[in-house]
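Fold and geometry: a report
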Amino acid sequence: MRGTVFSEIIRKDLMKMECQEKLEFLLQKYGVSVSGSLRPDGLALSMDGQEIPLLPWRAERRFIELKQMVDSKTVENVSVMRVCRIEPVGADFRRMLCRELDICQWILGDEAASVFAVQAGKTALNAAVTLSSGVVCTLELAATLRPGQAPIDKHEIISERGVACDRAVDTQVPQQSIYTFGACGEKTYLDTDFELFGCSPEETAVVRSAFGLLKEPQSAPQKIRENERLLQRADLILQSAKTGSVQEVSLCGR
Amino acid sequence: MRPLKIAMMSMTHGHTRKYYQVLKENPNLEWIAVSTANEEVRAIFQNSVDGIPCYDSDAEMLDRHPEIEAVVLASENSEHLRQMELCAKRGIHILSMKIPTFDMEEYDRMIALTEEAGIVCQVELELHYNPVVRRLKNLIRNGEAGEIRSFQATNITLSPVWAFPWQGVPELSYGKRVPLKEGDPRFRGGALCDHPHIFDLIREVTGSEFETIYAAAAPNLRPELEEEDMLTVIGRMQNGVIFSLDPSWSRAEEKLPVPGPGWERFPKRMEVNITINGDNGVIMTDCFGPNVYHNGAPNDRYTVQYTYFDEWVGLIDEFVDCIRNQKTPQINLRRHRKTIEAMNACYESIRTGQPVSL
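First things first, this report covers the structure right here in the doc. Everything numeric in this text was worked out from a predicted model, so none of it was measured.

Observations regarding the environment of cysteine 322 of chain B
All names here are of chain B. Within the fold, cysteine 322 resides in helix H10 (residues 311–324). The class of cysteine 322 is buried, set by a relative accessible area of 2%. It is 18 Å that separates the C-alpha atoms of cysteine 322 and lysine 98, two residues lying 224 residues apart in sequence. Those residues in contact with cysteine 322, other than ones at most four positions away along the chain, are Val120, Lys327, Thr328 and Pro329.

Next comes the structure, spelled out in structure tokens:
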């Protein structure tokens, strides 16, 4: 793909391009000379012979805005963050935990200090995570949707000054931008990125996250460290669910 | 059916005014009188309702009106035992607020005295008369989600303490002053004491009892309160169903002394949402939505205006039916005991920082 003329890329039907191609498109457009290959699951990028974790949700607009609200004290003195995510049957709980725990930790700028979790086989897991500041995060995870159904999630930050959430009041499921009711039944569309038109919000985040890393390859070691700490904490949550006991993050792990 | 002669006591509970319409309009009821806890409460009541005699003491009301057959105990949790004793001695049926008491010795005394007196004692858990909850129970019974694996629920509101101060006083809400945990300046009696519904519903929906409870109190949204206002509860039922319950006061309010328009700072002042994950799929439920919305008077603030059915209609219908036909209410003291035990277990878990087995 590298070496393809930029003008030839933009004449292609962008909607059919895979994430890797869309990444290449951005790299060429913005003159970024470093290259990398996305792992098929979108969670890592191979760069200079090394696999670097992406934490791609950090590039999703809604989480960027929620973090900005916390950082700028639009919502102030956070008490609780509540997240829920429901994915199709067979979804991996370690992966879901890493995603949702990192979303909490990254948005709040803090890390888990103790965790307690309960799990119902491969169907559901609930965790109470107390951060080092005393803020309590509740993670409600499930793998009960039919294959092919889009995940359902919600992220809510409750603070002394205000509530911030990626779901509108009085709604339960994600809203879409366009709804069509036609001969083929109901269809919905959610487009959030003009440059990467055709990518879902999560695919967009993967591409933008990889692009960000390739623009600043010196950030790779930090990404690796963050991912290792995240995995430690996610594994502690799974350990708690297995043993039925509260797990404290050891000082050496902080 | 001859109308049931009914009265209300104290008038200090947050649900007091919910009864006004049904007591006036239900043809199976004759509203005889009320007793009010103090002058301020009396004035508020008399501003709201005409033509109902108002007394300064419970005993005086019952003495003046021996025809009273049933009483709604619209009072502080700490008053319930005294009032139940008063009613039981006179054979008067009781509709108790949702927390009879957190003291389990007192609770067992309540069971004994109401059963010995042969009176109906129903506990006000109005969600059982909510049409969305009725639909949810039907869906579960019909196997819509299959075998239930997890139950997630919120029972969250604004804090009522500015309008009903007793709810901010540990001795009146919880029954005594017990620190949340060592080193924490807060005491038991806050949001958890106000929100038993989901602890009750999970028992019915899963057909099981609590096995393990873990609770964590988060930093208060209202630092001036001496009780908890934010907490999370997770755990497992005896049949393996896991749960996550949120009984917080997480919706901000204006500090109004009398509830009314403009009470909300967060648009939706009360929410009970339930998510069931099962082997066959997911059921997501909003027991109080959708609604209508405005951003007009008094504060030009985006506000949810509820459109839900009045659950007190069904609740009172059951109460009257149980009295007239000598039945036991669905939510009775014996059944409700395990719900209160579970709520006490939450406080114990917060105190120790460990899960509690029931």
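Continuing now.
A short note on unusual backbone geometry
Here the residue pair glycine 289 of chain B and proline 290 of chain B is connected by a cis peptide bond, since its omega of -5 degrees sits within 30 degrees of zero. When you line up the elements, proline 290 of chain B lands in the loop between strand S12 (281–286) and strand S13 (292–294). Residues other than glycine seldom take positive phi values, yet leucine 55 of chain A does so here, at roughly 45 degrees. Residue placement: leucine 55 of chain A occurs in the loop between strand S3 (50–53) and helix H3 (61–71). Look at leucine 55 of chain A and you get buried, because its relative accessible area is 3%. Positioned with a positive phi, glutamine 326 of chain B is a non-glycine residue whose angle comes to about 50 degrees. Mapping glutamine 326 of chain B onto the fold places it in the loop between H10 and helix H11 (333–352). For glutamine 326 of chain B, a relative accessible area of 68% corresponds to the exposed category.

Quick notes on the nonpolar core
Counting 79 residues, the largest nonpolar core has Val71, Phe151, Phe199, Val233, Phe243, Ile274 and Ile276 of chain B as the members making the most contacts within it. What isoleucine 274 of chain B contacts, discounting residues up to four positions off in sequence, is Leu136, Phe151, Gln152, Ala153, Leu201, Ile283, Met284, Thr285 and Cys287 of chain B. Membership of the second largest hydrophobic core comes to 40 residues, among which are Met81, Ile103, Ile107 and Val135 of chain A.

What about the sheet that holds strand S7 (residues 148–157) of chain B?
In a beta sheet, neighbouring strands pair by backbone hydrogen bonds and run either parallel or antiparallel. Residues and elements named next belong to chain B. Pairing is mixed in the open sheet, where seven strands are placed in the order S12-S11-S7-S10-S9-S8-S15. Strands with a single pairing partner mark the edges of an open sheet, and in this sheet they are S12 and strand S15 (356–357). One ladder, built from two bridges, connects strand S8 (residues 210–217) with S15; its direction is antiparallel. In the strand pairing of S15, threonine 212 is matched with serine 357. Its contacts with the sheet place helix H9 (residues 197–206) against S7, S8, strand S9 (231–237), strand S10 (242–246) and strand S11 (270–278), and it is angled at close to 160 degrees to S7. Across the sheet, H11 lies against S8, S9 and S15, angled at about 50 degrees from S8, the strand it touches most.

Re helix H6 (residues 131–141) of chain B
All names here are of chain B. Of all the positions in H6, only Val133, Leu136, Lys137 and Ile140 are classed as buried. Each buried residue of H6 sits inside an arc of 100 degrees when the element is viewed along its axis, so together they form one side. Facing away from the buried side of H6 by over 90 degrees, the exposed positions are Arg134 and Arg135. Looking at the buried residues of H6, the elements they touch are S7, H9, S11 and S12. Two to three positions downstream of the cap, the backbone nitrogen of valine 132 sits 2.7 Å from a side-chain oxygen, assigning the N-cap of H6 to asparagine 130. One or two residues past the end of H6 sits glycine 143, with phi positive at roughly 80 degrees.

As for the interface of chain A and chain B
Counting from both sides, the interface comprises 36 residues of chain A and, opposite them, 48 residues of chain B. Summed over both sides, the interface of chain A with chain B buries roughly 3,200 Å², with 61% coming from carbon and sulfur. Looking only at chain A, the three residues that lose the most surface to chain B are Val169, Asp170 and Gln172 of chain A, adding up to 20% of its buried area. For the pair chain A and chain B, the interface holds three salt bridges. A salt bridge links aspartate 246 of chain B to arginine 82 of chain A; the nearest nitrogen and oxygen atoms lie 3.5 Å apart. Going through the elements one at a time, strand S4 (76–88), strand S5 (112–120), strand S6 (124–131), strand S7 (136–145) and strand S8 (152–161) of chain A are the ones with two or more residues in the side of chain A that touches chain B. When residues of the side of chain A that touches chain B are assigned to their parent elements, the largest contribution, six residues, is made by S7 of chain A.

Thresholds applied
- Residues numbered from 1 in each chain as written.
- Chains lettered and ligands numbered in written order.
- Predicted model: local features only at pLDDT ≥ 70, side-chain atom pairs only at ≥ 80, totals over all residues.
- Heavy atoms only, no water.
- Helix = DSSP H or I, 4+ residues; strand = E, 2+ residues; numbered from the N terminus.
- Buried < 20%, exposed > 50% of the residue type's maximum accessible area, 1.4 Å probe, protein only.
- Contact = heavy atoms within 4.5 Å.
- Core = buried A, V, L, I, M, F, W, Y, C linked by side-chain atoms within 4.5 Å.
- Pairing = 2+ DSSP bridges.
- Axes fitted to C-alpha atoms, helices over the stretch in contact; angles between N-to-C directions.
- Arc of directions from axis to C-beta.
- Polar contact = N/O pair within 3.5 Å; in protein donor to acceptor, adjacent residues only side chain to side chain.
- Buried area = accessible area lost by both parts, 1.4 Å probe.
- Salt bridge = Lys/Arg side-chain N within 4 Å of Asp/Glu carboxyl O.

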